[in-house]
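# Architecture and fold: a report
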Amino acid sequence: LKLSNFDQIWTKFCFLDETGSLSNRTEPYFTVGLLKMSMPYYLQSKILYERSKRNFHDEIKFNKVSKNNLDFARFIIDCLFDTRSLSFYSYTTHKQSKYFQKYFADDVWSAYEKITLKLLGVSLGEKEILILIADHITAPRDVKFEVNIKKNFNESNKRLALSGVCRFDSKSNDLLQVVDLMIGCINYDVKFETKLIPGSVYKLSLVKHFKDKLGADTFVKGFRNQNFNMFVQQDNGAKTNEKGPSS
């Protein structure tokens, strides 16, 4: 792939968000999700129009889903499935798994970077150059997420595969909030099915709506179709599948 072949190159926007704190010991699961799109404008414009129509300007996050905003959250999920040239990848890990403890436990920020690189690697097409927009997380000063991700990803692919990385507060970006809704549904379903939480009727309603749109029964063992690739690591000390999401 050469830049002189610009008419053959696809530039794809990737929106990355996470749910569940890596450093919180009481939160067993951590999920990172990546939404890849050719033309994010189409989905963004639908959401923006609906916000104006409903006079709804609050941030829409899964952990804030309630009676008052459930219908709008469902609308966003519906818009997602009406959007073309879109794919979604996620990685859910159990923080007590042997794999996580072996490779990630000593440095949670390194874990976040490595999971991000996994998702980028799965999503990258042969003639694509990616642009990554990630949710901003307050991190120690010595953590150089943007620099590390771009450098390591391009080096591992031996070409310009990632042109830039920028982090934004998700309050300012509807498409990061879309990712939050999806990974929130995945995390919540896994925790509910494994009886870690009693379940909220409104959150479970949104989870069901998302699963119905996908044709999925549960996310406990992950899910995969042509446009969605969700890997869920269930191991909490037993043998685990270490491969992660596949391309």
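Conventions and cut-offs
Residues numbered from 1 in each chain as written. Predicted model: local features only at pLDDT ≥ 70, side-chain atom pairs only at ≥ 80, totals over all residues. Heavy atoms only, no water. Helix = DSSP H or I, 4+ residues; strand = E, 2+ residues; numbered from the N terminus. Buried < 20%, exposed > 50% of the residue type's maximum accessible area, 1.4 Å probe, protein only. Lys, Arg positive; Asp, Glu negative; His and termini not counted. Salt bridge = Lys/Arg side-chain N within 4 Å of Asp/Glu carboxyl O. Contact = heavy atoms within 4.5 Å. Pairing = 2+ DSSP bridges. Axes fitted to C-alpha atoms, helices over the stretch in contact; angles between N-to-C directions. Phe/Tyr/Trp six-rings, centres within 6.5 Å; stacked < 30°, edge-to-face > 60°. Parallel < 35°, antiparallel > 145°, perpendicular 65-115°, else oblique. Left-handed = near helix turned anticlockwise from the far one by under 90°. Nonpolar A, V, L, I, M, F, W, Y, C, P; charged D, E, K, R; others polar.

### Details of the side chain of Lys 203
- Looking at the secondary structure, you find Lys 203 in helix 7 (residues 201-214).
- The buried charged residue Lys 203 lacks any salt bridge, with Asp 180 as its nearest oppositely charged partner at 9.9 Å.
- Residues in contact with Lys 203, not counting those within four places in the same chain, are Phe 62, Asn 63, Val 65 and Tyr 188.

### Examining the environment of Lys 64
- Relative to the elements of secondary structure, Lys 64 occurs in the loop between helix 1 (40-54) and helix 2 (70-82).
- Taking the relative accessible area as the measure of exposure, Lys 64 reaches 44% and is therefore partly exposed.
- Put simply, Lys 64 and Tyr 89 are 25 residues apart on the chain and 23 Å apart in space, counted from C-alpha to C-alpha.
- Setting aside its immediate chain neighbours within four residues, Lys 64 contacts Glu 59 and Asn 69.

### Re the sheet that holds strand 4 (residues 128-135)
- Pairing in this open sheet of seven strands is mixed, and the strands run 5-4-1-2-3-7-6 from one edge to the other. Each of the sheet's edge strands pairs with one partner strand only, and the pair in question is strand 5 (162-168) and strand 6 (223-224).
- In this structure, strand 4 lies alongside strand 5, joined through six bridges in parallel fashion. Counterpart to Ala 134 in the pairing with strand 5 is Arg 167.
- Against the sheet, helix 6 (residues 174-193) touches strand 1 (10-19), strand 2 (29-37), strand 3 (86-94), strand 4, strand 5 and strand 7 (228-232), its axis set at about 140 degrees to strand 2.

### As for the packing of aromatic side chains
- What the rule picks out here adds up to 12 aromatic pairs.
- Their ring planes at 50 degrees and their centres at 6.1 Å tell us that Phe 88 and Phe 228 sit as a pair that is tilted. Pair noted here: Phe 88 is in strand 3 and Phe 228 is in strand 7, with a separation of 140 residues, a long-range link. In terms of burial, Phe 88 and Phe 228 fall into one category: buried.
- Here Phe 210 and Phe 228 contribute two aromatic rings whose centre-to-centre distance is 6.4 Å and whose plane-to-plane angle is 70 degrees, an arrangement assigned as edge-to-face. Remark: Phe 228 occurs in strand 7 and Phe 210 occurs in helix 7; sequence separation between them is 18 residues.
- Judged by relative accessible area, which is 0%, Phe 210 ranks as buried.
- On the accessibility criterion, Phe 228 (5% relative accessible area) is buried.
- Through a chain of ring-to-ring contacts, three or more aromatic side chains come together here, namely Phe 81, Phe 88, Phe 210, Phe 219 and Phe 228.

### Re the packing of helix 2 against helix 7
- Their axes nearest at 10 Å, the elements helix 2 and helix 7 cross at an angle of 15 degrees. In terms of orientation, helix 2 lies roughly parallel with respect to helix 7. The interaxial crossing formed by helix 2 with helix 7 has right-handed handedness. Contact with helix 2, carried on its side by Leu 70, Ala 73, Arg 74, Ile 77, Asp 78 and Phe 81, involves Tyr 202, Ser 205, Leu 206, His 209, Phe 210, Lys 213 and Leu 214 of helix 7 and no other residues of that element.
- Per-class residue counts for the contact of helix 2 with helix 7 are eight nonpolar, two polar and three charged.

### A short note on the pattern of salt bridges
- All told, the structure shown has 11 salt bridges when counted by the stated rule.
- The salt bridge involving Arg 51 is made with Asp 174; its shortest N-O contact spans 3.0 Å. Separated by 123 residues along the polypeptide, Arg 51 in helix 1 and Asp 174 in helix 6 bring together distant segments of the chain.
- Accessibility expressed as a relative area gives 6% for Arg 51, which makes it buried.
- One salt bridge in this structure joins Asp 189 and Lys 211, with 2.9 Å as the shortest N-O distance.

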